[in-house]
Every structure is written in C-alpha cells, then in structure tokens.
Amino acid sequence: MSELSGANVVAEETAKLSERVALSNKHALELLVGSQQIILEEILFASNEALDRTRTETHLLAEFVSKLAGVHSVKGIQTMVQECGQHQLDFVRRDCDRLFKHGQRLIDASVNLVGQRWRN
C-alpha cells in the first residue's frame, strides 16, 4: 500500500512540475512575441519619422529659398535669417517633444510587457 501512495506522490509532483514548465514556456513565448511586436512597431515608427522629417526639411528649404529670392537688402536678409531660424527652432522643439512622448510610450509598453510576465 505504501508503494502505491508513494507512486501517487511522485505522479502528483511530476504533474505539478510539468504544469510549471508549461506555464514557464508560455510566458517565455508571450515575452518573445511581445518583444518582436515592439521591435516591429519601432521599425515602422522610425521609417515614418524619417519620411516625415525629410518632407518637413524639404518644405523648410523651399521656404528658405523662396524668401531668399525675394530679399533685396541686407536688412531683409537679417530678418529672413531670424524668421527661418525661428521656424527651424520650432521644428526641432516639436520634433523633440514628439520623440520624447514616443520614448515614454515605448518604455511604458516594455514595462507592461515584462510586468505582466512577473505578475503571472
């Protein structure tokens, strides 16, 4: 009889261990898939940002050239440089704000991805 109860204990321990291994594998797979999704989203974001930045820089260059063509005095050139410099600074500020917000979202997504695995 004691052999039968010993066999039952071994079977229960084996079942618990296999359940823990299966759960661990599930969490590892979810982490891998989530990480892959974040990386793909980052690649998409980077390509969209590069395209948007190129488009904006081209627009700013065209605006600068058109203003330069319309200037006929040194005072006008000085005013034009100040205006275009201000446009460029505004663009850089907006760009940095947007990248900061995106970085914050990326950090939050990464923490949530890892945090969900630790809670389970």
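Basis of the calculations
Residues numbered from 1 in each chain as written. Predicted model: local features only at pLDDT ≥ 70, side-chain atom pairs only at ≥ 80, totals over all residues. Heavy atoms only, no water. Helix = DSSP H or I, 4+ residues; strand = E, 2+ residues; numbered from the N terminus. Rg over C-alpha atoms; globule rule 2.2 N^0.38 Å. Buried < 20%, exposed > 50% of the residue type's maximum accessible area, 1.4 Å probe, protein only. Contact = heavy atoms within 4.5 Å. Areas by Shrake-Rupley, 256 points an atom, 1.4 Å probe, with all protein chains shown as cover. Lys, Arg positive; Asp, Glu negative; His and termini not counted. Charge placed at Lys NZ, Arg CZ, Asp CG, Glu CD. Patch = residues over 30% accessible without salt bridge, like charges linked within 9 Å, V, L, I, M, F, W, Y side chains within 5 Å. Salt bridge = Lys/Arg side-chain N within 4 Å of Asp/Glu carboxyl O. Polar contact = N/O pair within 3.5 Å; in protein donor to acceptor, adjacent residues only side chain to side chain.

What about the overall build of the protein?
Secondary structure summary: the protein contains two helices and zero strands in total. Here the protein has a C-alpha radius of gyration of 29 Å; the compact-globule value for 120 residues is 14 Å, and the former is much larger. Expressed as lengths along the three principal axes of its C-alpha atoms, the size of the protein is roughly 110 × 20 × 10 Å. With 120 residues in all, the protein has 11% of them scored as buried. Contacts in the protein between residues far apart in sequence, at least 24 positions, make up 77% of those at least 6 positions apart. Here the protein displays about 9600 Å² of accessible surface, and carbon together with sulfur accounts for 65% of that area. In the protein, 14 positive and 16 negative side-chain charges are present, and the distance between their average locations comes to 7 Å.

Some points on a nonpolar patch on the surface
Residues L29, L32 and V33 make up a contiguous nonpolar surface patch of about 300 Å² in total accessible area. Looking at the secondary structure, you find V33 in helix α1 (residues 2-70).

Here's the deal with the environment of Q82
Note that Q82 resides in helix α2 (residues 74-119). Since its relative accessible area comes to 55%, Q82 is described here as exposed. For Q82 and I39, which are 43 residues apart along the polypeptide, the C-alpha to C-alpha distance reads 40 Å.

Considerations on the side chain of D95
By the secondary structure assignment, D95 is in helix α2. Here the side chain of D95 touches R98 through a polar contact of 2.9 Å, side chain to side chain. The residues contacting D95, other than those within four sequence positions of it, are E49 and R53.

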